[in-house]
Amino acid sequence: MAVDATLRALANPTRRAMLELVWDAERSSSEIAAAVGATRPAASQHLKVLRDAELVHVRADGSQRLYRVDTDRLAEVRAALEQFWGARLGRLSAAVAAEQQHRDQQAGDGRR
């Protein structure tokens, strides 16, 4: 599964809230819908996007569908993001720190 589809799924705040709900425990679609304040049809659409992005596992238990986060998939996404952003964010952080240090020095020089 492409990381792009996963990132599109994660871009929605409702879906991110749903993932948080199923991070540590299985929850039914009705529990998830109630917790995020969505109608059942809307929650089902969001859950389908999460399933299609392979971010959640679904298990049938009688008439209920129980959802749980796919931690392996999230680890893959995290690794892909770290590969893309890791060094770049490190360089950005260093540049910001250097700029802040420069501003602090200028402010100190102006007080003398």
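Structure: above.
Residues numbered from 1 in each chain as written. Predicted model: local features only at pLDDT ≥ 70, side-chain atom pairs only at ≥ 80, totals over all residues. Heavy atoms only, no water.

Asker: Which parts of the structure should I look at to understand the overall build of the protein chain?
Answerer: The helix and strand tally for the protein chain stands at 5 helices and 3 strands. Considering only C-alpha atoms, the protein chain reaches an extent of 75 × 30 × 20 Å along its principal axes. Split into buried and exposed, the 112 residues of the protein chain put 22% on the buried side. Taking contacts inside the protein chain between residues at least 6 apart in sequence as the whole, the part at least 24 apart equals 54%. Only carbon and sulfur atoms are counted for the fraction: they give 50% of the accessible area of the protein chain, which is about 7700 Å². Seen as two clouds, the 17 positive and the 15 negative side-chain charges of the protein chain have centres 4 Å apart. (Helix = DSSP H or I, 4+ residues; strand = E, 2+ residues; numbered from the N terminus. Buried < 20%, exposed > 50% of the residue type's maximum accessible area, 1.4 Å probe, protein only. Contact = heavy atoms within 4.5 Å. Areas by Shrake-Rupley, 256 points an atom, 1.4 Å probe, with all protein chains shown as cover. Lys, Arg positive; Asp, Glu negative; His and termini not counted. Charge placed at Lys NZ, Arg CZ, Asp CG, Glu CD.)

Asker: I would appreciate a short explanation of the pattern of salt bridges in the present structure.
Answerer: Opposite charge on two side chains permits pairing when their charged atoms draw close. One pass over the full model with this rule turns up 6 salt bridges. Its salt-bridge partner being arginine 27, residue glutamate 31 comes within 3.9 Å of it at the nearest N-O pair. The class of glutamate 31 is partly exposed, set by a relative accessible area of 39%. When the shortest N-O distance is used, the salt bridge between aspartate 52 and lysine 48 registers 2.7 Å. (Salt bridge = Lys/Arg side-chain N within 4 Å of Asp/Glu carboxyl O.)

Asker: What is the right way to look at the packing of aromatic side chains in this model?
Answerer: Between two aromatic rings, the relevant description is the distance of the centres plus the angle of the planes. What the rule picks out here adds up to 1 aromatic pair. On the basis of an interplanar angle of 85° and a centroid distance of 4.9 Å, the ring pair of phenylalanine 84 and tryptophan 85 is categorised as edge-to-face. Note on phenylalanine 84: relative accessible area 44%, which makes it partly exposed. (Phe/Tyr/Trp six-rings, centres within 6.5 Å; stacked < 30°, edge-to-face > 60°.)

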